[in-house]
Amino acid sequence: MSGFPKDFAWGTATSSYQVEGALDVGGRGESIWDRFARVPGAVADGSDGRVACDHFHRFADDVALMRQIGVNTYRFSIAWPRILADGRGEVLHAGLDFYRRLVDALLSAGIRPFVTLNHWDMPQALEDEGGWASRRTVDAFVRYADVVSRALGDRVRDWTTHNEPWCMAHLGYETGEHAPGRKEPAAALAAAHHLLLAHGRAVPVIRAHVRDAHVGLVLNLVPGYAASGSDIDREALRRFDGFFNRWYLDPIFFGRYPDDAIADRVQQGHLSSTTLPFVVDGDMAEIATPIDWLGINYYSRAICRGADEGNAPRVIAEPLPAQKTDMGWEVFPDGLAAILERVHADYAPRALYVTENGAAYATEPDHQGRVADVERVHYVRTHVEACAQALARGVPLRGYFLWSLLDNFEWQWGYLRRFGIVHVDYATQKRTLKDSARVYRDLIAAHTNPRSAR
Ligand code: FCB
């Protein structure tokens, strides 16, 4: 395997609520995930992020682990309520200082910090005012982006506005599987729009504080495949792609929502007409503010099959009974190359990153303390190969981030799903490198220092 540029970003990723713990430290306010996790049944094991991986206190050790693995980049997020407890009032300097210390530790280890402003843990006080369904949250986010980029802009160049707006809007406001747990399809469309608008407005604000800023956003994209060549399955694929991928890509790159996907929403009764009630003049141009890069989080593909009876064809994203991870997601590395190539061909972002890719498997340490996560090793190797393939086909791919550095709080699954390349014993907080971490280390070494290639 070859063809990775010398300055390729080899990274791992985490997010604040999933790893930090220390929810009551430094005046941190309540986040929507603190609140949601208390709803009976919302999180499978009844857990929350109170302790998580205690990364807040152990970040120096975790940076040392990253050095051991040899990553040159670390993608992490800032906990919004650590900076603005209620989303609007005074700035919490203790929160900013924590991230300054983390960034300084990374820089002195030679690791490039890749910061995400919003990886889902927004202040509960903003949700109490309507959350992302309300246009007022846009201003709150832009102020937050201003505060953080002003404070860290002297040492962080790589900025991400949001992680996965689809998840926040759809799972948070439509199905209610994620915080804030609302089940209001119309609110979900407004939420998606306000997330996109907040992104577009934050881009120039970040650029104002950061020299040579490199600003983008992260979308979770899922390549769809029609279950058969039948018209009804091909129609299901179109609907899936419109709802899942193009609803976000088209506004960002073309400044408009896809007409066919709008019509689908009207048909479903989620919109009363094709005029989107939440769009104000000028919004679409702001959303399409050029970005420096796009991040793609890729885990699996969707097989699209149309229902053959009833009114609207429904999409059933149903993996074949092939190899699956503990999430039930099919292992399908070709989909990664496919989505990278497709986004490059259709939208031509200046640069692309795989900002998340990884697999949940529950492998525990054996009696000698070794974590032989064979399936994850296979997952990592084949997906890195898919990146090489995309590069060979001319995709401007600039980096790859494994999700995740550590086993951590996996949202509605709590601690029941382990994505880490480092095992965490939650009772003792002991970290153990899994085999996948060693394989990743060797892959990175082979590509960054050809003499160490095996
Ligand atoms: C993504 C999230 C990330 C993690 C992985 C498994 O959707 O961005 O926080 O939970 O899934």
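Residues numbered from 1 in each chain as written. Predicted model: local features only at pLDDT ≥ 70, side-chain atom pairs only at ≥ 80, totals over all residues. Heavy atoms only, no water.

J.: Got a minute to help me understand the pattern of salt bridges in this structure?
T.: Oppositely charged side chains can pair when the atoms bearing their charge come close. Per the stated rule, a full pass over the model turns up 41 salt bridges. Asp407 is paired through a salt bridge with Lys434; the nearest N and O atoms lie 2.8 Å apart. In this pair, Asp407 sits in the loop between β10 (397-403) and β11 (422-425) while Lys434 sits in the loop between β12 (430-433) and α15 (435-448), placing the two residues 27 residues apart along the sequence. In terms of burial, Asp407 and Lys434 fall into one category: buried. When salt bridges with common partners are traced through the structure, they connect Glu235, Arg238, Arg239, Asp241, Arg246, Asp260, Asp264, Arg342 and Asp346 into a single cluster. (Salt bridge = Lys/Arg side-chain N within 4 Å of Asp/Glu carboxyl O. Helix = DSSP H or I, 4+ residues; strand = E, 2+ residues; numbered from the N terminus. Buried < 20%, exposed > 50% of the residue type's maximum accessible area, 1.4 Å probe, protein only.)

J.: Explain the pairing of strand β2 (residues 73-77) to me, please; I cannot follow it from the model alone.
T.: Across a regular strand the side chains alternate sides, sitting on one face of the sheet and then on the other. With respect to burial, β2 is a largely interior element, 5 of its 5 residues being buried. Summarising the sheet, strand β1 (residues 9-13) and β2 pair through 3 bridges and their orientation is parallel. Opposite Gly11, over in β2, you have Thr73 as the bridge partner. Sheet topology note: the β2/strand β3 (residues 112-118) ladder contains 5 bridges and is parallel. Bridge pairing in β3 places Phe76 opposite Val115. (Pairing = 2+ DSSP bridges.)

J.: Is there a simple way to think about the packing of helix α7 (residues 136-152) against helix α9 (residues 185-209) in this case?
T.: To characterise two packed helices, one gives the angle between the axes of the helices and the distance between these axes. For the pair α7 and α9, interaxial distance at closest approach is 9 Å and the crossing angle is 25 degrees. Classed by the angle they form, the pair α7 and α9 counts as roughly parallel. Pair α7 / α9 crosses with right-handed handedness. Of the residues in α9, those touching α7 at Val138, Asp139, Phe141, Val142, Ala145, Asp146, Ser149 and Arg150 are His194, Leu197, Ala198, Arg201, Ala202, Val205, Ile206 and His209. By residue class, the composition of the contact of α7 with α9 is 9 nonpolar, 3 polar and 4 charged. (Axes fitted to C-alpha atoms, helices over the stretch in contact; angles between N-to-C directions. Parallel < 35°, antiparallel > 145°, perpendicular 65-115°, else oblique. Left-handed = near helix turned anticlockwise from the far one by under 90°. Contact = heavy atoms within 4.5 Å. Nonpolar A, V, L, I, M, F, W, Y, C, P; charged D, E, K, R; others polar.)

J.: Quick question: what am I supposed to make of the packing of aromatic side chains here?
T.: Aromatic rings in a pair are described by how distant their centres are and how their planes are angled relative to each other. Overall, the coordinates contain 40 aromatic pairs when judged by the stated rule. Taking the centre distance of 4.8 Å and the plane angle of 5 degrees together, the rings of Trp80 and Tyr144 count as stacked. Taken together, the residues span a long stretch of sequence, with Trp80 in helix α4 (residues 80-83) and Tyr144 in helix α7 at a distance of 64 residues. Residues Phe141 and Tyr144 carry aromatic rings whose centres are separated by 6.0 Å and whose planes lie at 65 degrees to one another, so their mutual orientation is edge-to-face. One end of the pair is Phe141 and the other is Tyr144, both in helix α7 and 3 residues apart, which spans about a single turn. (Phe/Tyr/Trp six-rings, centres within 6.5 Å; stacked < 30°, edge-to-face > 60°.)

J.: Which parts of the structure should I look at to understand the site of the ligand?
T.: Surrounding the ligand, one finds Gln18, His119, Trp120, Asn163, Glu164, Asn297, Tyr299, Glu356, Trp403, Glu410, Trp411 and Phe419. Separating an oxygen atom of the ligand from a side-chain N or O atom of Gln18 is a distance of 2.7 Å. Coverage of the ligand by the protein chains reaches 95% of its 290 Å² of free accessible surface. Broken down by class, the residue content of the shell around the ligand amounts to 5 nonpolar, 4 polar and 3 charged. (Near = heavy atom within 4 Å. Polar contact = N/O pair within 3.5 Å; in protein donor to acceptor, adjacent residues only side chain to side chain. Areas by Shrake-Rupley, 256 points an atom, 1.4 Å probe, with all protein chains shown as cover.)

J.: In this structure, what is going on with helix α3 (residues 55-69)? I would like to understand it.
T.: Residues that lie three or four places apart on an α-helix share one face, since the helix turns once every 3.6 residues. For α3, built from 15 residues, the straight-helix expectation of 21 Å at 1.5 Å per residue is missed by more than 12%, its first-to-last C-alpha distance being only 17 Å. If you look at α3, its biggest bend is around 40 degrees, right at Asp61. In the segment just after α3, Gly70 is the residue with positive phi, at about 95 degrees. (Expected span 1.5 Å × (residues − 1). Bend = angle between axes of the 7 residues up to and from the residue.)

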